[in-house]
Amino acid sequence: MAFELPKLKYAHDALEPHIDAKTMEIHHGKHHQGYTNKLNDALKDSDDEGKTIENILRNLDMDNKAVRNNGGGYYNHRLFWEVMSPDGGGEPSGDLATAINSAYGSFQDFKEKFSEAAKGQFGSGWAWLCVHEGGKVEVCSTPNQDNPLMPGVGCGGHPILGLDVWEHAYYLNYQNRRPDYVSAFFNVIDWDEVAKRYANNK
Ligand code: MN3
């Protein structure tokens, strides 16, 4: 069964003014669709056809550039759309908040660490919050469409929050002002969704 572009759970303009409608339209409809199509092409008639994306990425041959770039692109964007919401923002609560405070001292310190990872990723890539077995959380970043499920990349563990810092994610609205985009992202993070992923993968 081929992978399909996931539907958004909100309208293209629902995340404005933090993320503009035109960017969402192109990012989801063109970029994510492109990764999805190319992933399906790359998997066609291979041993990985029909496996889950998590399984494919965890066991990836990193020299397989087509699956690395497009499988990463498919998975990363799917997570990205799901951890944002027009009702997002604020701070996490419960077990996730406890884990963040235990790793970073406070939500503010975590926010700073995550923002530094996003702003400091040279060129295209992603910033992540991951959970390790046992519940410890960790911030890291990866280049291009790599992601922490892939062998030897990023912090390992399971990504529960991801921020796309490719220019295609922010250039129309923010031009070169990546820090403003990173800061705006915090207004749309769906912490309930991140907490669900924390609980399911710790
Ligand atoms: Mn992108």
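This report concerns the structure included in the present document. As the structure is a prediction and not an experimental result, all values here were calculated from the model. (Residues numbered from 1 in each chain as written. Predicted model: local features only at pLDDT ≥ 70, side-chain atom pairs only at ≥ 80, totals over all residues. Heavy atoms only, no water.)

Looking now at the overall build of the chain. Scanning the chain from terminus to terminus reveals 8 helices and 3 strands. Tracing the chain from N to C terminus, the helices and strands come up as α-α-α-α-α-β-β-β-α-α-α. In terms of overall size, the chain behaves like a compact globule, its C-alpha atoms giving a radius of gyration of 16 Å where 202 residues would be expected to give roughly 17 Å. Overall, the C-alpha framework of the chain stretches about 50 × 40 × 30 Å when taken along its three principal axes. (Helix = DSSP H or I, 4+ residues; strand = E, 2+ residues; numbered from the N terminus. Rg over C-alpha atoms; globule rule 2.2 N^0.38 Å.)

In this fold, Ser 93 is placed in the loop between α3 (65-82) and α4 (94-104). Residue classification places Ser 93 among the exposed positions, given a relative accessible area of 54%. Each C-alpha atom, one on Ser 93 and one on Ala 195, is 8.0 Å from the other, the two residues being 102 residues apart in sequence. (Buried < 20%, exposed > 50% of the residue type's maximum accessible area, 1.4 Å probe, protein only.)

Moving on, we come to the coordination of the manganese ion. For a metal bound by four donors in a tetrahedral arrangement, the ideal donor-metal-donor angle is 109.5 degrees, while six donors in an octahedral arrangement ideally sit at 90 or 180 degrees. Taken together, His 27 (NE2), His 77 (NE2), Asp 164 (OD) and His 168 (NE2) make up the protein donors of the manganese ion, found 1.9 to 2.2 Å from the metal. Along the chain, the residues that donate to the manganese ion are spaced as H-x49-H-x86-D-x3-H. Linking His 77 in helix α3 with His 168 in the loop between β3 (158-164) and α6 (171-174), this pair joins segments that are 91 residues apart in sequence. Note on His 77: relative accessible area 0%, which makes it buried. (Donors = N, O, S within 2.8 Å, 3.2 Å for Na, K, Ca; no water.)

This paragraph deals with the packing of aromatic side chains. Scanning all chains against the criterion turns up 16 aromatic pairs. Measuring from ring centre to ring centre gives 5.6 Å for Phe 80 and Trp 126, while their planes differ by 90°; the resulting arrangement is edge-to-face. Here Phe 80, found in helix α3, pairs with Trp 126, found in strand β1 (residues 125-131); they are 46 residues apart in sequence, far enough to count as distant. Each member of the pair, Phe 80 as well as Trp 126, is classed as buried. The interplanar angle of 45° and the centroid separation of 5.8 Å between the aromatic rings of Phe 107 and Phe 110 together place this pair among those described as tilted. Here Phe 107 pairs with Phe 110, and both are found in helix α5 (residues 107-120), just 3 residues apart, close to one helical turn. One aromatic cluster in this structure is built from Phe 80, Trp 81, Tyr 104, Phe 107, Phe 110, Phe 114, Trp 126, Trp 128, Phe 185, Phe 186 and Trp 191. The cationic tip of Lys 111 hangs over the ring face of Phe 186; the distance from NZ or CZ to the ring centre is 5.0 Å. (Phe/Tyr/Trp six-rings, centres within 6.5 Å; stacked < 30°, edge-to-face > 60°. Lys NZ or Arg CZ within 6 Å of the ring centre and 35° of its normal.)

The subject of this paragraph is unusual backbone geometry. A cis amide bond links Glu 16 to the next residue, Pro 17, at an omega of 5°. Position of Pro 17 among the secondary structure elements: in the segment before α1 (21-43). Positive phi, normally seen in glycine, also occurs at Asp 45, with a value near 65°. Topologically, Asp 45 is positioned in the loop between α1 and α2 (53-58). Positive phi, normally seen in glycine, also occurs at Gln 175, with a value near 45°. Tracing the backbone shows Gln 175 in the loop between α6 and α7 (178-185).

Summed over the entire model, instances satisfying the criterion amount to 1 disulfide. Cys 140 shares a disulfide with Cys 155; S-S distance 2.3 Å. Because the torsion about its S-S bond is -55°, the bridge between Cys 140 and Cys 155 counts as left-handed. Here the residue Cys 140 occupies a position in strand β2 (residues 137-143), and Cys 155 occupies one in the loop between β2 and β3, the gap between them amounting to 15 residues. Assigned by exposure class, Cys 140 and Cys 155 land together as buried. The thiol sulfur of Cys 130 is not disulfide-bonded, and the nearest other cysteine sulfur, from Cys 155, lies at 3.3 Å. On the basis of relative accessible area, Cys 130 is assigned to the buried category, the value being 0%. (Disulfide = S-S within 2.5 Å.)

This paragraph deals with the pairing of β2. Each regular strand carries side chains that alternate between the two faces of the sheet. Examined bridge by bridge, β1 and β2 share 7 bridges and lie antiparallel to one another. Within β2, the position partnered with Gly 125 by the bridge is Pro 143. The hairpin formed by β1 and β2 contains 5 residues between the paired strands, and Gly 134 there has a positive phi angle of roughly 105°. (Pairing = 2+ DSSP bridges.)

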